[in-house]
Amino acid sequence: MLKVAHITTGYGKKQVLTDVSFEIGKGEIVLLTGGNGSGKSTVLKTIYGLLKIWSAEGKIIFEGEDITALPTAQMLRKGIAYMPQKKNVFEEFTVEENLLTSANIYTTADAKERVKKVYETLPMLETLRKRTPFHLSGGEKQLLAFGCLLVHKPKLVLLDEPFAGVDSQNSEIIANSIADLKKENVTFIIVEHKKYLFENQIDKVIELELGIIKN
Ligand SMILES: Nc1ncnc2c1ncn2[C@@H]1O[C@H](COP(=O)(O)OP(=O)(O)OP(=O)(O)O)[C@@H](O)[C@H]1O
Ligand SMILES: [Mg+2]
């Protein structure tokens, strides 16, 4: 469902990825590993169109369609969602307002329905719905960031260290939700050091070393 081909890119003059290519099937969970600075986050950012691809032959094909450098809002509509390493939620908004804001690219009725669905998947968020992130733990905030992503009912989910700084209870909630979504054929690329949290779900491991795929 996703084909990443010959991606060379970087920041400014600094080349980070060299000829990165891989393919992922529908419903697969792929673990993207490698040392600090090996380019894991850069791979996710490139798929999501946040970085310009340097190589002329560099392409990203999603469900047979060329999505190379599509604008972010288009990515969401196509069914691709991305949770960055540094999670951003609106501090001045409540949990529910954050979810509704994420859903604001849809009609009001649709947005409400989508938020309701997220509450069914993550009931914990409904109990926290009136709180602002200031009054949430680190793990609860992460759960909110995950909920903001689920609002889009994605087909492909890019997660950059979703369990970093998350307590065991919320980690379990997120891991269970990933397992449930996999059953519905949702595809994941996950960058995570704590892979034991979802080890039995992993279909494929891609290892990066200095921006080059090792395996
Ligand atoms: N915005 C940026 N500007 C310049 N260089 C950057 C930028 N972001 C990342 N880099 C560099 O690109 C390289 C790869 O970074 P990347 O964030 O992809 O690594 P990573 O594998 O995700 O590392 P970590 O495990 O620490 O999150 C590193 O050398 C990093 O310093
Ligand atoms: Mg990273």
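Residues numbered from 1 in each chain as written. Chains lettered and ligands numbered in written order. Predicted model: local features only at pLDDT ≥ 70, side-chain atom pairs only at ≥ 80, totals over all residues. Heavy atoms only, no water.

Going by the annotation in an unreviewed UniProt entry, the name recorded for the chain is ATP-binding cassette domain-containing protein, with Dysgonomonas termitidis given as the source organism. Quoted verbatim from the Sequence similarities (unreviewed entry) heading of the UniProt record, the comment on the chain is "Belongs to the ABC transporter superfamily." (UniProt positions renumbered as here; feature names shortened; annotations may be inferred.)

K.L.:
Before we move on, can you summarise empty space enclosed by the protein with the specific residues and values?
P.N.:
Applying the stated rule across the entire model yields 1 cavity of 30 Å³ or more. Counted as a void, the largest cavity has a volume near 40 Å³. Considering the residues around the largest cavity, the lining is formed by Val-4, Ile-7, Leu-17, Val-20, Val-43, Thr-46, Ile-47 and Ile-60. Elements that contribute at least two residues to the lining of the largest cavity include exactly strand E1 (2-11), strand E2 (14-24) and helix H1 (40-47). No other element matches H1, which puts 3 residues into the lining of the largest cavity. Residues of the lining of the largest cavity, tallied by class, amount to 7 nonpolar, 1 polar and no charged. (1 Å grid on protein atoms, 1.4 Å probe; cavity = no way out; pocket = protein on both sides within 12 Å on 5 of 7 lines; lining within 4 Å. Points joined across faces, edges and corners; volume = space filled by probe spheres on them. Helix = DSSP H or I, 4+ residues; strand = E, 2+ residues; numbered from the N terminus. Nonpolar A, V, L, I, M, F, W, Y, C, P; charged D, E, K, R; others polar.)

K.L.:
Hey, could you go over the site of ligand 1 for me, with residue numbers and the actual values?
P.N.:
Around ligand 1 there are 13 residues in total, and Asn-36, Gly-37, Lys-40, Ser-41 and Thr-42 lie nearest to it. Lys-14 is positioned such that a nitrogen or oxygen atom in its side chain is 3.2 Å from an oxygen atom of ligand 1. Between ligand 1 and Thr-42, the relevant distance is 2.5 Å, taken from an oxygen atom to a side-chain nitrogen or oxygen of the residue. Of the residues forming the shell around ligand 1, the biggest block, 3 residues, is contributed by H1. When its residues are assigned to classes, the shell around ligand 1 shows 2 nonpolar, 8 polar and 3 charged. (Near = heavy atom within 4 Å. Polar contact = N/O pair within 3.5 Å; in protein donor to acceptor, adjacent residues only side chain to side chain.)

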